[in-house]
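Given next are the chains, with one letter for each unit.
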Amino acid sequence: RKEKINESLQQASASFSQGDLRSAERICRDALSKNGQDPDILHLMALVVKEQGLMLRSIEFFDLSLKASRKQPVVWSNKANLLRSLGQIKEADECYGKAIKLMPSFRDALHNRGALELERDNPAKAIRWFEKAQKVDSNVATTSSLTEAYIAIEEFGRAAKLLNKTRKKWPNDISILV
C-alpha cells in the first residue's frame, strides 16, 4: 500500500515538475482516495492547487498534511511562504518558526524569515536570520539579501565589503546587487 502511494507521489511530482497540473492533481486525488492521510500526497496537493491559484484551498491541504504529520519542516515553510504572499505576516512568521525549530539548518526557512523581517522594516532582525542562513549555505540570494539589510541600517561599509566578496565568489551571477 505504501509502495503504491510512493509510486503515485513520484508520478504526481514528475507531472507537477513538468507543469502538468491537471495530471498531478488527478494522480494526487486518486492516491488520496486510497489513503487520504498521506502527508506527502497532501503536501503535493497543496502545491498543485496553489499553482492553480486556489490559495485558500492550498492552505487547507497544507493543514491536512500537517495534521497527518506535524514534523514536516518543508510543509511548514511552504505554508509560511503562501501566508506571507497573502499578507498574513504573523501566521507566516509562526510557520517559519515551526519549520526552523524542526530543522535549525533549513536555509530556505532561515532566509525567508529574514526576508519577512525586511518586509516588516526590521533589518536588524533580518540580518540575524540571513547570517544564520549563510552559515548553513552561502548563496547569492542570501548574500544579496544580507547586503540589502546592511544598506537598510546604513552599514554601507559592511554592505560594500560583502558585495565585493560576493562578486568575487560569483562573478557571473547577474542577480547580485549592482
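Residues numbered from 1 in each chain as written. Predicted model: local features only at pLDDT ≥ 70, side-chain atom pairs only at ≥ 80, totals over all residues. Heavy atoms only, no water.

Engineer: Can you help me understand a positive patch on the surface in this one?
Structural biologist: Together, Lys-125, Arg-128, Lys-132 and Lys-135 give the surface a local cluster of positive charge. Within the element layout of this structure, Lys-125 appears in helix 8 (residues 123-136). (Patch = residues over 30% accessible without salt bridge, like charges linked within 9 Å, V, L, I, M, F, W, Y side chains within 5 Å. Areas by Shrake-Rupley, 256 points an atom, 1.4 Å probe, with all protein chains shown as cover. Salt bridge = Lys/Arg side-chain N within 4 Å of Asp/Glu carboxyl O. Lys, Arg positive; Asp, Glu negative; His and termini not counted. Charge placed at Lys NZ, Arg CZ, Asp CG, Glu CD. Helix = DSSP H or I, 4+ residues; strand = E, 2+ residues; numbered from the N terminus.)

Engineer: What's the story with the packing of helix 8 against helix 9 (residues 140-152) in this structure? I'm lost.
Structural biologist: Packed helices, taken two at a time, are described by the angle their axes make and the gap between the axes. Between helix 8 and helix 9, the shortest axis-to-axis distance is 9 Å and the interhelical angle comes to 155 degrees. Here helix 8 is positioned roughly antiparallel relative to helix 9, judged by the angle of their axes. Of the two possible hands of crossing, helix 8 and helix 9 adopt the one that is left-handed. Counting all contacts with helix 8, which are made through Pro-123, Ile-127, Phe-130, Glu-131, Ala-133 and Gln-134, the residues of helix 9 involved are Thr-142, Thr-143, Ser-145, Leu-146, Ala-149, Tyr-150 and Ala-152. A class-by-class count of the residues in the contact of helix 8 with helix 9 yields eight nonpolar, four polar and one charged. (Axes fitted to C-alpha atoms, helices over the stretch in contact; angles between N-to-C directions. Parallel < 35°, antiparallel > 145°, perpendicular 65-115°, else oblique. Left-handed = near helix turned anticlockwise from the far one by under 90°. Contact = heavy atoms within 4.5 Å. Nonpolar A, V, L, I, M, F, W, Y, C, P; charged D, E, K, R; others polar.)

Engineer: What's the story with unusual backbone geometry in this structure? I'm lost.
Structural biologist: For residues that are not glycine, phi is negative in most cases, and the peptide bond is trans in most cases. Even without glycine at this site, Asp-121 takes up a positive phi of about 60 degrees. With respect to the helices, strands and loops of the structure, Asp-121 is situated in the loop between helix 7 (107-119) and helix 8. Under the relative-accessibility criterion, Asp-121 is labelled exposed at 67%. Positioned with a positive phi, Glu-154 is a non-glycine residue whose angle comes to about 60 degrees. Along the polypeptide, Glu-154 turns up in the loop between helix 9 and helix 10 (156-169). For Glu-154, a relative accessible area of 59% puts it in the exposed group. (Buried < 20%, exposed > 50% of the residue type's maximum accessible area, 1.4 Å probe, protein only.)

Engineer: In this structure, what is going on with the side chain of Asn-112? I would like to understand it.
Structural biologist: Assignment of secondary structure puts Asn-112 in helix 7. Owing to a relative accessible area of 16%, Asn-112 belongs among the buried residues under this scheme. Leaving out residues up to four positions away in the same chain, Asn-112 has contacts with Ser-77, Asn-81, Arg-84 and Tyr-96.

Everything listed is a geometric property; what it means functionally is a separate question.
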